[in-house]
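So you can see what is in the structure, the chains are spelled out below.
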Amino acid sequence: MDVAHFYLDGNTDAVEFCPHSPYYHVLAASTYTLHEGDQPSRLGSISLFTIDAEKCLLETSYCVETAGIFDIKWNPTGGNSGPLLAQADADGFLRIHGLLSSSDGSQRFLLEEKNSLKVCSSMCLYLDWNCSGTDITVGLSDGSVAITSLAESHVELKHKWKAHDYELWTTSFDNHQPHLVYTGSDDCKFSGWDLREGTSKAAFHNSKAHKMGVCCIAKSPNDPNTLLTGSYDENLRHWDVRSISRPVNEVSLGLGGGVWRIKHHPFVPGLVLAACMHNGFAIVNIKGGEFEVIERYSKHESLAYGADWHREEPIHGEESKKLVATCSFYDRLLRIWRPQSNLYI
């Protein structure tokens, strides 16, 4: 099951495989470390790794020190640009980095900051790209949400509004209807916003389903009617969003530990990877409106925060193509592993 592991220099909270060909073997990991004292500071880093699954190798390629990072995400494929990595950090900045190959012929990669935007005086906690890779929604620690747009030479702020009473842990574009934005917060509310109608009033607020803060929101890449939420209350919830004014919570599954991140498999419909904070990582299959946990991974010894699927499509008979990256916070550990279940049936 285990392919490789690496200990970072800071508390590790996010991992992201590059979705762009031919860079599937490039992995980014970010850290957030709070140094307390008379003058507390929040420091972080982004590290790049290259992965050789057949040789079970995880090689460091690049590392840059930053402000403390809460979230990183690569831009989606299909746009006009190459691989871009967005960073949401504790200094209130959204930063965009481009992926470059090293000029020394070593087949290493590095990041070059393309542009940045000071979004707020509070902290940027989460980000999500729209499906065309032109806009980014950012969740802020003061309960606000911001919509930013990428221009040729800069990032500009399009919208910003107070969406919740407490920290906005998650926000997501609807990849089938990109004018819709979802938000979730420590105030236990799950909300939707129609940007065509303005931001003075939500399309919906649900404050009854989640018993604790909403940590993550993930729209299905395949089913336009399905959306998942995860919460500190340890439940993964399935929503039918055909009626945007009143989405229906059809089924819930207790995963234990608090559901911090949800990642849909890039090409297996209904397959989800969940980071469950105090209860490791889970692979969940969703079929016919039912949840089934098909695998657990519990080899991390700290908060299970970051998780991602390897993007490369499987070649028939090559089990090595099934890879997952996960990370845990206080033990600063990044792991690469192979699910033991047959995920492609």
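Predicted model only: the values in this text are computed from it and were never measured.

So, how was this worked out
Residues numbered from 1 in each chain as written. Predicted model: local features only at pLDDT ≥ 70, side-chain atom pairs only at ≥ 80, totals over all residues. Heavy atoms only, no water. Helix = DSSP H or I, 4+ residues; strand = E, 2+ residues; numbered from the N terminus. Rg over C-alpha atoms; globule rule 2.2 N^0.38 Å. Buried < 20%, exposed > 50% of the residue type's maximum accessible area, 1.4 Å probe, protein only. Contact = heavy atoms within 4.5 Å. Areas by Shrake-Rupley, 256 points an atom, 1.4 Å probe, with all protein chains shown as cover. UniProt positions renumbered as here; feature names shortened; annotations may be inferred. Pairing = 2+ DSSP bridges. Polar contact = N/O pair within 3.5 Å; in protein donor to acceptor, adjacent residues only side chain to side chain. Phe/Tyr/Trp six-rings, centres within 6.5 Å; stacked < 30°, edge-to-face > 60°. Lys NZ or Arg CZ within 6 Å of the ring centre and 35° of its normal.

Student: With reference to specific residues and values, describe the overall build of the chain.
Tutor: Helix and strand counts for the chain come out as zero helices and 28 strands. Radius of gyration (C-alpha) of the chain: 19 Å, near the 20 Å computed for a compact globule of 345 residues. Taken over the C-alpha atoms alone, the chain extends approximately 55 × 45 × 45 Å along its principal axes. By the burial criterion, 58% of the 345 residues in the chain qualify as buried. Residue pairs at least 24 apart in sequence account for 48% of intrachain contacts in the chain once pairs closer than 6 positions are excluded. As displayed, the chain has an accessible area near 14800 Å², and 45% of this comes from carbon and sulfur atoms.

Student: Can you tell me about the UniProt feature "repeat: WD" (unreviewed entry) in the chain, naming the residues and giving the values?
Tutor: Summarizing the sequence annotation, UniProt attributes the feature "repeat: WD" (unreviewed entry) to residues 207-243 in the numbering used throughout. Taken end to end, residues 207-243 is 0% helix and 49% strand, and its two terminal C-alpha atoms sit 17 Å from one another.

Student: Describe the pairing of strand E10 (residues 124-129), with residues and values.
Tutor: Every other side chain in a regular strand lies on the same face of the sheet, so the side chains alternate between the two faces. Across the six residues that make up E10, a large majority, six, are buried. Two strands pair when backbone bridges link them, and E10 and strand E11 (residues 135-140) are joined in this way by five bridges, in the antiparallel orientation. Residue pairing across strands places Asp 128 opposite Thr 137, the latter belonging to E11. Where E10 hands over to E11, the hairpin turn is made up of five residues, of which Gly 133 adopts a positive phi near 70°.

Student: Tell me about the environment of Trp 169, and please be specific about residues and values.
Tutor: Within the element layout of this structure, Trp 169 appears in the loop between strand E13 (155-162) and strand E14 (170-173). By relative accessible area, Trp 169 is classed as buried at 16%. Expressed as a C-alpha distance, the spacing of Trp 169 and Leu 140, which sit 29 residues apart in the sequence, is 7.5 Å. With near-sequence residues (within four places) excluded, Trp 169 lies in contact with Leu 125, Tyr 126, Gly 184, Ser 185, Asp 186, Val 214, Cys 215, Tyr 232 and Trp 260.

Student: Report on the side chain of Thr 137, specifying residues and quantitative values.
Tutor: When you line up the elements, Thr 137 lands in strand E11. A polar atom in the side chain of Thr 137 sits 2.8 Å from the side chain of Thr 171. Dropping the residues within four chain positions of it, Thr 137 is found in contact with Tyr 126, Leu 127, Asp 128, Val 145, Ala 146, Ile 147, Thr 171, Ser 172, Phe 173 and Val 181.

Student: Talk me through the packing of aromatic side chains; I want residue IDs and the actual numbers.
Tutor: Taken as a whole and judged by the stated rule, the model has 14 aromatic pairs. Seen in terms of ring centroids, Phe 190 and Phe 204 are 5.1 Å apart; in terms of plane orientation they differ by 70°. Their pairing is edge-to-face. With Phe 190 in strand E16 (residues 190-194) and Phe 204 in strand E17 (residues 204-206), this pair connects stretches of sequence that are 14 residues apart. Take Phe 190: its relative accessible area is 0%, and that puts it in the buried class. Look at Phe 204 and you get buried, because its relative accessible area is 4%. Seen from their ring centres, Tyr 297 and Trp 337 are 4.1 Å apart, and the 0° between their planes marks the pair as stacked. Taken together, the residues span a long stretch of sequence, with Tyr 297 in strand E25 (residues 290-297) and Trp 337 in strand E28 (residues 333-337) at a distance of 40 residues. Taken as a pair, Tyr 297 and Trp 337 share a single burial class, namely buried. If you follow Lys 73 out to its NZ or CZ, it ends over the ring of Tyr 126, 3.9 Å from the centre. Of note, Arg 95 hangs over the ring of Phe 93, and the distance from its end group to the ring centre comes to 4.2 Å.

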